[in-house]
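Residue-level structural notes
For reference, the chains in residue letters:
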Amino acid sequence: QVQLVESGGGLVQAGGSLRLSCAASGRIDSPSAMGWYRQAPENGRGLVATITRGGSTNYADSVKGRFTISGDNAKNTVYLQMNSLKPEDTTVYYCFADVVGLRSWGQGTQVTVSS
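Each value, and the rule that gives it
- Residues numbered from 1 in each chain as written.
- Predicted model: local features only at pLDDT ≥ 70, side-chain atom pairs only at ≥ 80, totals over all residues.
- Heavy atoms only, no water.
- Helix = DSSP H or I, 4+ residues; strand = E, 2+ residues; numbered from the N terminus.
- Contact = heavy atoms within 4.5 Å.
- Disulfide = S-S within 2.5 Å.
- Buried < 20%, exposed > 50% of the residue type's maximum accessible area, 1.4 Å probe, protein only.
- Pairing = 2+ DSSP bridges.
- Axes fitted to C-alpha atoms, helices over the stretch in contact; angles between N-to-C directions.
- Phe/Tyr/Trp six-rings, centres within 6.5 Å; stacked < 30°, edge-to-face > 60°.
- Lys NZ or Arg CZ within 6 Å of the ring centre and 35° of its normal.

So, on to the environment of threonine 109. Here threonine 109 is to be found in strand β11 (residues 109-114). For the pair threonine 109 and aspartate 98, spaced 11 residues apart in sequence, the C-alpha separation works out to 19 Å. Here threonine 109 is in contact with Glu6, Gly9, Leu20, Trp36, Thr91, Val92 and Tyr93, once residues within four sequence places are set aside.

Next comes the structure, spelled out in structure tokens:
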């Protein structure tokens, strides 16, 4: 079973930065991919960024050039550096990890960007 612990959310002014972290633990193999989704205004969760164990990354168009995802395979940890934050980035961010074909989710961390 995979446990994901997120940290780094909070309140920041527009134009500021935050760094989210997510550590996977448990009796697991190394995740094949990790990343972040965020709660969409209407329903569901939308992709923010993903990274594979090999280092390939993918970003939502809305965050390209502002957010950077990185990973530490030895620590089963993923990071999301968020720069130039906008009020529309305000929502709950969820970390995920794909292990042996199964996706596990973190509990979510709130990011609030004030104008």
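Okay, back to it.
What follows deals with the state of the cysteines. As used in these notes, a disulfide is a covalent bond between sulfur atoms, one from each of two cysteines. All told, the structure shown has 1 disulfide when counted by the stated rule. A sulfur-sulfur distance of 1.9 Å marks the disulfide that ties cysteine 22 to cysteine 95. Residues cysteine 22 and cysteine 95 are joined by a disulfide whose S-S torsion is about -80 degrees; by sign, that bridge is left-handed. Taken together, the residues span a long stretch of sequence, with cysteine 22 in strand β3 (residues 18-25) and cysteine 95 in strand β9 (residues 91-99) at a distance of 73 residues.

In this fold, serine 104 is placed in strand β10 (residues 102-105). Classification of serine 104 by relative accessible area gives buried; the value is 18%. In this structure serine 104 touches Val2, Leu4, Cys95, Phe96 and Ala97, once residues within four positions along its chain are discounted.

What follows deals with the sheet that holds strand β8 (residues 77-82). One open sheet accounts for 4 strands, arranged β1-β3-β8-β7; its pairing is antiparallel. The sheet terminates laterally at β1 (3-7) and β7 (67-72), the two strands that pair on one side only. Across this sheet, the average inter-strand angle for adjacent strands is 15 degrees, counted without regard to direction. Taken together, the 6 bridges between β7 and β8 define a ladder with antiparallel strand orientation. When the bridges of β8 are listed, threonine 68 appears paired with glutamine 81.

Summed over the entire model, instances satisfying the criterion amount to 3 aromatic pairs. Ring centres of tyrosine 37 and phenylalanine 96 lie 5.7 Å apart, and the angle between their planes is 75 degrees; on these two criteria the pair is classed as edge-to-face. Taken together, the residues tyrosine 37 in strand β4 (residues 33-39) and phenylalanine 96 in strand β9 connect sequence positions 59 residues apart. Each member of the pair, tyrosine 37 as well as phenylalanine 96, is classed as buried. For the ring pair phenylalanine 96 and tryptophan 105, a centre distance of 5.8 Å and an interplane angle of 55 degrees mean the geometry is tilted. For phenylalanine 96, a relative accessible area of 1% translates into the label buried. By relative accessible area, which is 35% here, tryptophan 105 ends up partly exposed. Aromatic ring contacts, followed pair by pair, group Tyr37, Phe96 and Trp105 into a single cluster. Looking at arginine 19, its charged tip hangs above the ring of tyrosine 79, at a distance of 4.1 Å from the centre. The cationic tip of arginine 45 hangs over the ring face of tyrosine 94; the distance from NZ or CZ to the ring centre is 3.6 Å.

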